[in-house]
Amino acid sequence: EAEVAQSPRYKITEKSQAVAFWCDPISGHATLYWYRQILGQGPELLVQFQDESVVDDSQLPKDRFSAERLKGVDSTLKIQPAELGDSAMYLCASSPIDRSNTGELFFGEGSRLTVL
Amino acid sequence: AQSVTQLGSHVSVSEGALVLLRCNYSSSVPPYLFWYVQYPNQGLQLLLKYTTGATLVKGINGFEAEFKKSETSFHLTKPSAHMSDAAEYFCAVSDVTDKLIFGTGTRLQVFP
């Protein structure tokens, strides 16, 4: 069964360092999402891509976060510099372009970031 | 704007007892509603979804949910809890741009 791949699963870094997360969506899924989930809370959308274009990045802290999906396939989320408050699970999800019949997102296992 | 409220951040039940996790939504358009489950240090897995049609929706692992428009609710139930059901459960609504808006989650504990 096709899955969304994410790496690394766990990342520990010191504040002010740079960190990057990678996501490979299910093949053929045009839409890719990055969510942040702080411990004890629900996931919150950071950025949404349609192919290589950003559809929504209104909640992305652009002073330190960046995201790209250059060829419309895999994606990278970067944080520079990392802050203590960035400690969270970063979840990637994908969906096919035609979601009119399901609306379902398919999630990866996430990347847990701890900033010391 | 769409939103989801999950009543009760923690729910505890005995094994074999009824599970009821509450979710109320706010939506300006006919909603798509979802329940996802998350096991520790893992991603989210879809339990069930409501898009159109039958208001009682059956999902995986014996869970079901009923869409009640008059009550703006989409509560999740399971007749008999199993130890393996212990996890975090998230209700979500899809907004007009197809973005998923999640609730804050309910942690289910199952005692033997």
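Predicted model only: the values in this text are computed from it and were never measured.

## A closer look at the sheet that holds strand β8 (residues 75-79) of chain A
Residue and element names in this part refer to chain A. The strand order across the open sheet formed by 4 strands is β1-β3-β8-β7, and the pairing between neighbours is antiparallel. A single partner strand is all that each edge strand has here, and the edge strands are β1 (5-7) and β7 (65-68). Averaged over neighbouring strand pairs, the angle between their axes works out to 15 degrees when direction is ignored. Pairing of β7 with β8 involves 4 bridges; the strand directions are antiparallel.

## Concerning the sheet that holds strand β1 (residues 3-7) of chain B
Residues and elements named next belong to chain B. Taken in spatial order, the 5 strands of this open sheet run β1-β3-β8-β7-β6, and their pairing is antiparallel. The open sheet terminates on both sides in strands that have one partner only, identified here as β1 and β6 (56-58). Here the strands of the sheet are splayed against their neighbours by 20 degrees on average, with no regard to which way each runs.

## Some words on the nonpolar core
Trp35, Leu47, Leu48, Phe74, Leu76 and Tyr89 of chain B are the most contacted members of the largest nonpolar core, which totals 26 residues. Leucine 47 of chain B has contacts with Trp35, Tyr36, Val37, Gly59, Ile60, Asn61, Phe63, Leu76 and Tyr89 of chain B, leaving out every residue within four places of it along the chain. By size, the runner-up hydrophobic cluster in this structure holds 20 residues, among which are Val4, Val47, Phe65 and Ala82 of chain A.

## A closer look at the pattern of salt bridges
Evaluated as defined, the whole model comprises 7 salt bridges over all chains. For the salt bridge of aspartate 86 of chain A with arginine 64 of chain A, the shortest nitrogen-to-oxygen distance reads 2.6 Å. Taken as a pair, aspartate 86 of chain A in the loop between β8 and β9 (88-95) and arginine 64 of chain A in the loop between β6 (53-56) and β7 lie far apart in primary sequence, 22 residues in all. Neither aspartate 86 of chain A nor arginine 64 of chain A differs from the other in exposure class; each is buried. Between glutamate 64 of chain B and lysine 58 of chain B there is a salt bridge whose closest N-O contact spans 2.7 Å. By relative accessible area, glutamate 64 of chain B is classed as partly exposed at 23%. According to the relative accessible area criterion, lysine 58 of chain B is exposed, its value standing at 62%. By sharing partners, the salt bridges in this structure join Arg64, Glu83 and Asp86 of chain A into a single network.

About the cut-offs
Residues numbered from 1 in each chain as written. Chains lettered and ligands numbered in written order. Predicted model: local features only at pLDDT ≥ 70, side-chain atom pairs only at ≥ 80, totals over all residues. Heavy atoms only, no water. Pairing = 2+ DSSP bridges. Helix = DSSP H or I, 4+ residues; strand = E, 2+ residues; numbered from the N terminus. Axes fitted to C-alpha atoms, helices over the stretch in contact; angles between N-to-C directions. Core = buried A, V, L, I, M, F, W, Y, C linked by side-chain atoms within 4.5 Å. Buried < 20%, exposed > 50% of the residue type's maximum accessible area, 1.4 Å probe, protein only. Contact = heavy atoms within 4.5 Å. Salt bridge = Lys/Arg side-chain N within 4 Å of Asp/Glu carboxyl O.

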